[in-house]
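One letter stands for each residue in the lines below.
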Amino acid sequence: MMKLTRRPLSLSIGALVILSVVGSARAQTSRERSTKKAQAAAEQSAKAARVFNEIMATHEKSIPSDLLNKAEAVAVFPSVLKAGFIVGGRGGSGVISRRVAGGWGAPAFFDLGGGSVGLQIGASSTDYILLFMNESAVGSLLGDKFEIGGEGSAAAGPVGRSASASTDARMNAQILSYSRSRGLFAGLELKGVVIKPDNENNLQVYGMTARDILTGKNKISMEKMPEGVRIFPQTLARYSKRR
């Protein structure tokens, strides 16, 4: 009888060892994936902050401070790739921070794609900045996707030290858009561009979707943000502190 029970017992122990090894390997893979996502999130936030810094550093060609102070949220999509000429596809990712009491909130991750650009002929990549000027504009970001020119329109934003010379259409627009390509920064009207949340990244970094990050009651404080992503809201705060 002893010989009959030892073999099943040894098989059970072997199975447990295999399951343990497989479980450890999966846990390690998950940790590695999480680390890579955190690094990618930090890099994306740093790129967006660098683009915003460079644009705002040229005062006579930057976003007017009085407009920036009115914005409810700011999006930066750095190095968006473009294919074709006047009509072409685009693809890129970026971050959006919403204004909160005392500064700016955690950057939510979004993707940008589609659409056409008439002023960027031959450009291989372009930086885009969008100002969401009111609550309604921010609300447009909360669905599965948002099409500029479909659900909402974006006017070319004015540049320079003051927005006083801008038209009423620009001043009343819900979204103001800008682009920088080959060193040239200017307002640009976007059409057919689709913005949608990258909730795989948002959940990996924050454990929250873009909707919760931008509108949730429990806003993520600067102290609770992952250290790597803080650079973007900190950069926005350098140029605009409204309340």
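Here the structure is a predicted model, which is why all the values come from computation and not from measurement.

Reading guide: rules and limits
Residues numbered from 1 in each chain as written. Predicted model: local features only at pLDDT ≥ 70, side-chain atom pairs only at ≥ 80, totals over all residues. Heavy atoms only, no water. Helix = DSSP H or I, 4+ residues; strand = E, 2+ residues; numbered from the N terminus. Contact = heavy atoms within 4.5 Å. Areas by Shrake-Rupley, 256 points an atom, 1.4 Å probe, with all protein chains shown as cover. Phe/Tyr/Trp six-rings, centres within 6.5 Å; stacked < 30°, edge-to-face > 60°. Buried < 20%, exposed > 50% of the residue type's maximum accessible area, 1.4 Å probe, protein only. Arc of directions from axis to C-beta. Core = buried A, V, L, I, M, F, W, Y, C linked by side-chain atoms within 4.5 Å. Salt bridge = Lys/Arg side-chain N within 4 Å of Asp/Glu carboxyl O. Pairing = 2+ DSSP bridges.

A.B. asks: Requested: an account of the overall build of the protein, with residues and values cited.
C.D. replies: Along its length, the protein carries 7 helices and 10 strands. Considering only intrachain contacts with a sequence separation of at least 6, the fraction spanning at least 24 residues in the protein is 73%. For the protein, the accessible area works out to roughly 12900 Å², and carbon and sulfur atoms hold 54% of it.

A.B. asks: Lay out the packing of aromatic side chains in plain terms, naming residues and giving numbers.
C.D. replies: If you walk through the whole model with that rule in mind, you get 2 aromatic pairs. Between F52 and Y239, the ring centres sit 5.8 Å apart and the planes meet at 65°, which makes this aromatic pair edge-to-face. Taken together, the positions of F52 in helix α1 (residues 2–57) and Y239 in helix α7 (residues 231–239) put the pair 187 residues apart, joining distant regions of the chain. Residue classification places F52 among the buried residues on the basis of a relative accessible area of 0%.

A.B. asks: Tell me what's going on with unusual backbone geometry, and back it up with residues and numbers.
C.D. replies: One non-glycine residue with positive phi stands out, namely S79, at about 50°. Structurally, S79 can be placed in strand β1 (residues 73–82). Exposure remark for S79: the relative accessible area of 44% places this residue in the partly exposed category.

A.B. asks: Before we move on, could you go through the side chain of S177 and cite the residues and values that matter?
C.D. replies: Here S177 shows up in strand β8 (residues 175–181). Judged by relative accessible area, which is 1%, S177 ranks as buried. Contact partners of S177, with chain neighbours within four places excluded, come to I129, L130, A154, A155, A156, G157, G187, L188, E189 and L190.

A.B. asks: Explain helix α5 (residues 199–206) to me, and be specific about the residues and the numbers.
C.D. replies: Burial in α5 covers these residues: N201, N202, V205 and Y206. Buried residues of α5, seen end-on, are gathered within an arc of 100° and therefore sit on one face of the element. Just downstream of α5, G207 is the residue with a positive phi angle, here 75°.

A.B. asks: For the nonpolar core, give the residues involved together with the corresponding values.
C.D. replies: Core analysis: the largest hydrophobic core is formed by 60 residues, its most contacted members being L130 and L131. Top contributing element to this core by residue count: α1, with 7 residues. Excluding its chain neighbours within four sequence positions, the residues that come into contact with L130 are A73, V74, A75, F77, I148, I175, L176, S177, L190 and I195.

A.B. asks: If you had to explain the pattern of salt bridges to someone new, which residues and values would you point to?
C.D. replies: Taken as a whole, this structure holds 3 salt bridges when the rule is applied. Put simply, R180 and E54 hold a salt bridge, and the shortest N to O gap is 2.8 Å. Here R180 is found in strand β8, whereas its partner E54 is found in helix α1, with 126 residues between them in sequence. Its relative accessible area of 17% is what places R180 among the buried residues. By relative accessible area, which is 37% here, E54 ends up partly exposed. Between E135 and R98 there is a salt bridge, with the nearest N and O atoms lying 2.2 Å from each other. Taken together, the positions of E135 in helix α3 (residues 135–139) and R98 in strand β2 (residues 90–100) put the pair 37 residues apart, joining distant regions of the chain.

A.B. asks: Provide a residue-level description of the pairing of strand β9 (residues 184–187), including the pertinent values.
C.D. replies: Burial of β9 is one-sided: the residues F185 and G187 facing one way are buried, the residues L184 and A186 facing the other way are not. By the bridge criterion, 4 bridges tie β8 to β9 in an arrangement that is antiparallel. The partner of S179 across the bridge, within β9, is A186. The turn joining β8 and β9, which pair antiparallel and follow one another in sequence, is formed by 2 residues; a positive phi near 55° is taken by R182.

Honestly, that's just the spatial picture; any functional story needs more than this.
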